[in-house]
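Inside the fold
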Amino acid sequence: MEIAVKKNYDIPNDVMFTKLLPRFPAKSLLRFKSVSKEWNATISSLAFAKTRLEIGHTFTQFLLLSINEQAEVDESSIRSLSYDETGVIELRNMNCVHLGPHEACPYLTGSVNGIVCLSIFNTDFFGIWNPLTQQYQQLFHCAEMKGNEDWALKTDGFGYKSSTEDFSIFTVFIQLQSLASPLFYLFSFNSGLWKTVNVEGGNVFADSIGRSSTAFYVNERLYWPRRHRKTGFIIGLFCFDLNSEEMMKIFVTPTFRQFRYVEVNDIFEMGGNLSIACSKQEKTCHVWVLKVEADDSSPWVKVYDFNFTDLELYSFTNTGRYLARHQNQFKLLDVTQQGLDRSTQTGLGDAGDIRQSHLYVPSFITFRIKNHN
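- The name that an unreviewed UniProt entry assigns to the protein chain is F-box associated beta-propeller type 3 domain-containing protein, with the source organism given as Saponaria officinalis.

**Some remarks on the overall build of the protein chain**
- On a plain count of helices and strands, the protein chain comes out with six helices and 24 strands.
- Here the protein chain holds 373 residues, and 51% of them are scored as buried.
- Partitioning the intrachain contacts of the protein chain with sequence separation of at least 6 by distance along the chain shows that 49% fall at a separation of at least 24.
- Accessible surface, the protein chain: about 18800 Å² in total, of which carbon and sulfur atoms supply 48%.

**Examining the pattern of salt bridges**
- Enumeration over the complete set of coordinates arrives at five salt bridges.
- Its salt-bridge partner being K195, residue E245 comes within 3.0 Å of it at the nearest N-O pair. Pair noted here: E245 is in the loop between strand 15 (234-241) and strand 16 (246-251) and K195 is in strand 11 (residues 193-196), with a separation of 50 residues, a long-range link.
- The partner of K302 in a salt bridge is D305, with the nearest N and O atoms 3.4 Å apart.
- Residue class for K302 comes out partly exposed when judged on its relative accessible area of 32%.
- Several salt bridges share partner residues, and in doing so they unite K161, K195 and E245 into one network.

**Details of the sheet that holds strand 11**
- Taking strand neighbours across the sheet as the criterion, the five strands line up as 11-10-9-8-12 in an open arrangement whose pairing is mixed. Looking at strand neighbours, the two that pair on one side only are strand 11 and strand 12 (213-214), the edges of this open sheet.
- Bridging between strand 10 (residues 183-188) and strand 11 involves four bridges; their strand directions are antiparallel. Residue L186 lies in a different strand from strand 11, and its bridge partner there is K195.

**What about the packing of aromatic side chains?**
- Taken as a whole and assessed by the stated rule, the structure comprises 24 aromatic pairs.
- Between F173 and Y185 the ring centres are 6.2 Å apart and the planes differ by 85 degrees, which places this aromatic pair in the edge-to-face class. Residue F173 is found in strand 9 (residues 166-175), and its partner Y185 is found in strand 10; the two are separated by twelve residues along the sequence. Of the two residues examined, F173 and Y185, each falls in the buried class.

**Observations concerning the nonpolar core**
- Among the nonpolar cores identified, the biggest contains 33 residues, and I128, F158, F167, I169 and F189 are the most heavily contacted of them.
- When neighbours within four sequence positions are excluded, F167 is seen to be in contact with L46, V112, N113, I115, F158, G159, Y160, F187, S188 and F189.
- Core analysis: the second largest hydrophobic core is formed by 18 residues, V218, I234, C239 and L274 among them.

**Points about the sheet that holds strand 6 (residues 125-130)**
- The strand order 4-5-6-7 describes an open sheet built from four strands, whose pairing is antiparallel. One side of each edge strand has no neighbouring strand; the edge strands of this open sheet are strand 4 (107-112) and strand 7 (135-140). Across the sheet, the mean angle from the axis of one strand to that of its neighbour is 20 degrees, orientation sign disregarded.
- Taken together, the five bridges between strand 4 and strand 5 (residues 115-119) define a ladder with antiparallel strand orientation. Bridge pairing in strand 5 places G110 opposite C117.

**Description of the pairing of strand 9**
- For strand 9, the tally of buried residues reaches eight of ten residues, placing the bulk of the element in the interior.
- Relative to strand 9, strand 8 (residues 151-161) is paired through ten bridges, and the arrangement is antiparallel. Residue pairing in the sheet places Y160 in a bridge with F167 of strand 9.
- The antiparallel hairpin formed by strand 8 and strand 9 contains four residues in its connecting segment, where E165 sits at a positive phi of about 50 degrees.
- As defined by bridge partners, strand 9 adjoins strand 10 across six bridges and the pair is classed as antiparallel. Bridge pairing in strand 10 places F170 opposite L186.

**Structural notes on unusual backbone geometry**
- Of note, N113 is a non-glycine position whose phi angle comes to about 55 degrees, a positive value.
- Along the chain, the position of N113 falls in the loop between strand 4 and strand 5.
- Exposure remark for N113: the relative accessible area of 9% places this residue in the buried category.
- In this structure, E165 is a non-glycine residue whose phi angle is positive, near 50 degrees.
- Following the sequence through the fold, E165 ends up in the loop between strand 8 and strand 9.

**Let's talk about the side chain of K161**
- Looking at the secondary structure, you find K161 in strand 8.
- When its relative accessible area of 11% is taken as the criterion, K161 is described as buried.
- Not counting chain neighbours up to four residues away, the residues in contact with K161 comprise D166, S168, E220, L242, N243 and E245.

**Focus on the environment of V112**
- Checked against the element boundaries, V112 lands in strand 4.
- Taking the relative accessible area as the measure of exposure, V112 reaches 5% and is therefore buried.
- Residues V112 and Y217, 105 residues apart in the sequence, show an inter-C-alpha distance of 8.5 Å.
- When sequence neighbours within four positions are dropped, the list of residues in contact with V112 reads F158, G159, Y160, F167 and Y217.

Conventions adopted
- Residues numbered from 1 in each chain as written.
- Predicted model: local features only at pLDDT ≥ 70, side-chain atom pairs only at ≥ 80, totals over all residues.
- Heavy atoms only, no water.
- Helix = DSSP H or I, 4+ residues; strand = E, 2+ residues; numbered from the N terminus.
- Buried < 20%, exposed > 50% of the residue type's maximum accessible area, 1.4 Å probe, protein only.
- Contact = heavy atoms within 4.5 Å.
- Areas by Shrake-Rupley, 256 points an atom, 1.4 Å probe, with all protein chains shown as cover.
- Salt bridge = Lys/Arg side-chain N within 4 Å of Asp/Glu carboxyl O.
- Pairing = 2+ DSSP bridges.
- Phe/Tyr/Trp six-rings, centres within 6.5 Å; stacked < 30°, edge-to-face > 60°.
- Core = buried A, V, L, I, M, F, W, Y, C linked by side-chain atoms within 4.5 Å.
- Axes fitted to C-alpha atoms, helices over the stretch in contact; angles between N-to-C directions.

Following this line, the structure appears as structure tokens:
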């Protein structure tokens, strides 16, 4: 007598949503959203986006901002560059959004959990964008800065704090014709409000970060290189904690300062530690890791160094790989190995001048921000 055995292939939801689905590429997830309302809500949630980032899915993706200066008016474009275990799988143009009636090109303030912040220097416009869903919303700065030509945007940053599950935009304004103290502002997606932030030693911060630049975002903190006022050499870092809303200084060891770095290529997380990639004029890049954040005796350790002659160096990943361009082709290289181990199959043609690159994890997060200011 044969006994019928009913095979049960059901997978528990917690395993499906935390172990399996986060490893799929965005195109597959787009189809999975139609399975049920529960799947649609889960895949579109912030928790799911964070899980995809934490487990390190098989795709490494970057957003690239390029400027075409050959056009009558400078044109900007944003491209998505994706890698898998075998190499580049896609290099494509994305629909670039416009922030307002300005000829200036937007730049990438930051990318966190699939949400991108765009802005234009010396304007009061910000744009919040999800490249995957093409959702876009324009924001204005607070009333004090809106249309105020006496003040200019010095730097900004974009990040996320898990304690309140909130995205934030951080800005610093300086007065052009006086020595007035800079003004610090923080915008909350949850409240839709800008508020002032008291930063001790604000003048030192504004003077020491050099030319206008965006912050590096790592683990709910924003970082800027701290420069010597006269020489311009890197002498430490400034760090703004989005949770405590405090600005801190991170010192480097005398050994670090002896190299007299002039450029910070990236500030990123590697192996759970804060890491910084610095270079000098002879095209040699050194990667340092901060084991413990403390005082002047902070144990910065130089873990890698490599020559990037004939390479344009861009973003680093948390696994130690870095994105570079060689002979008009992008390469994903490993700091522990020599040679070009990943490359595109075709050149970039008239890609223009690549100004920025950001690691990017596609997500289906939706947002609705009430900008009250």
